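Listed here are the chains, written in short residue letters.
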Amino acid sequence: MKDDQSSARAKDNEDFAEERTLSSRQRARSQLSAEVEAFLARGGAIDEVAPDVTADPPRKPQPKYGSRPI
């Protein structure tokens, strides 16, 4: 169990951009590019979303005044 946790942490550390080398970043870019090209070749499409669109709609404010117990 402990070995699994340490290997998971090591993998997480590889994902931080500050710790990546130039060659590892280039590999990640080329892998992403290949995956995008394969997706588009299968007939996939990429939609552009406007920058002001959010996934969470605005919520109605909820009164919280006096909600704490005495």
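From a predicted model like this one, the values you see are computed outputs, not experimental measurements.

Caption draft 1: How the structure looks around the overall build of the protein chain. Helix and strand content of the protein chain: 2 helices and 0 strands. Among the 70 residues that make up the protein chain, the fraction classed as buried is 1%. Element-wise, carbon and sulfur atoms account for 54% of the exposed surface of the protein chain, whose accessible area totals about 7,400 Å².

Caption draft 2: Up close: a nonpolar patch on the surface. Together, Leu32, Val36, Phe39, Leu40 and Ile46 make up an exposed nonpolar region whose accessible area comes to about 430 Å². Since its relative accessible area comes to 37%, Leu40 is described here as partly exposed.

Caption draft 3: Quick peek at helix 2 (residues 22–41). Between the first and last C-alpha of helix 2 there are 28 Å, a value that for 20 residues agrees with the 28 Å anticipated at 1.5 Å per step. Downstream of helix 2 by one or two residues, Gly43 has phi in the positive range, about 100 degrees.

Conventions used here
- Residues numbered from 1 in each chain as written.
- Predicted model: local features only at pLDDT ≥ 70, side-chain atom pairs only at ≥ 80, totals over all residues.
- Heavy atoms only, no water.
- Helix = DSSP H or I, 4+ residues; strand = E, 2+ residues; numbered from the N terminus.
- Buried < 20%, exposed > 50% of the residue type's maximum accessible area, 1.4 Å probe, protein only.
- Areas by Shrake-Rupley, 256 points an atom, 1.4 Å probe, with all protein chains shown as cover.
- Patch = residues over 30% accessible without salt bridge, like charges linked within 9 Å, V, L, I, M, F, W, Y side chains within 5 Å.
- Salt bridge = Lys/Arg side-chain N within 4 Å of Asp/Glu carboxyl O.
- Expected span 1.5 Å × (residues − 1).

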